[in-house]
Amino acid sequence: MSFNNVITFQVSAQEKPTVIRNCRQCKRSTEYFCSDKFRVNANQKIIDIWLIYKCLHCESTWNYPIFF
């Protein structure tokens, strides 16, 4: 007999810092804010997680790696 255990995780940020970096579309240094979304990629035993940041002016995205 086999038992399948289901584990559920909830990830929540205590605060969401803004980041200043060069925007490819604006062609200047702008402030990026956290969009409250993240991306997860899993390849066999490796899990990669990124926070998705957006530019304040043009909303282009940048993936900030938080776990490799």
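Residues numbered from 1 in each chain as written. Predicted model: local features only at pLDDT ≥ 70, side-chain atom pairs only at ≥ 80, totals over all residues. Heavy atoms only, no water.

Take the sheet that holds strand β4 (residues 61-67) next. Read across the open sheet, the four strands follow the order β1-β2-β3-β4; overall the sheet is antiparallel. Unpaired on one side and paired on the other, β1 (19-23) and β4 mark the two borders of the sheet. Each strand axis lies, on average, 50 degrees off the axis of its neighbour in the sheet, ignoring direction. (Pairing = 2+ DSSP bridges. Helix = DSSP H or I, 4+ residues; strand = E, 2+ residues; numbered from the N terminus. Axes fitted to C-alpha atoms, helices over the stretch in contact; angles between N-to-C directions.)

Take the pairing of strand β2 (residues 28-43) next. Here β1 pairs with β2 via five bridges, running antiparallel. Bridge pairing links N22 to S29 in β2. Remark: four residues form the turn of the hairpin made by β1 and β2, two consecutive strands paired antiparallel; K27 in that turn has positive phi of roughly 60 degrees. Bridge count between β2 and strand β3 (residues 46-55): ten bridges; the pairing is antiparallel. Bridged to F38 within β3 is L51. In textbook terms, the turn of a hairpin is the stretch between consecutive antiparallel strands, and for β2 and β3 this stretch comprises two residues, one of which, Q44, has a positive phi near 50 degrees.

In this structure, D36 takes a positive phi of about 65 degrees despite not being glycine. Inspection of the secondary structure puts D36 in strand β2. Relative accessible area serves as the criterion here: at 54%, D36 is assigned to the exposed category. You will see that Q44, though not glycine, has its phi angle at about 50 degrees, which is positive. Along the chain, the position of Q44 falls in the loop between β2 and β3. (Buried < 20%, exposed > 50% of the residue type's maximum accessible area, 1.4 Å probe, protein only.)

All right, on to the environment of R24 then. Mapped onto the elements, R24 comes out in the loop between β1 and β2. Taking the C-alpha atoms as reference points, R24 and C58, 34 residues apart in sequence, are found 9.9 Å from one another.

Secondary-structure assignment places N43 in strand β2. We classify N43 as partly exposed; its relative accessible area is 48%. Along the sequence, N43 and P17 sit 26 residues apart, while their C-alpha atoms lie 29 Å from each other.

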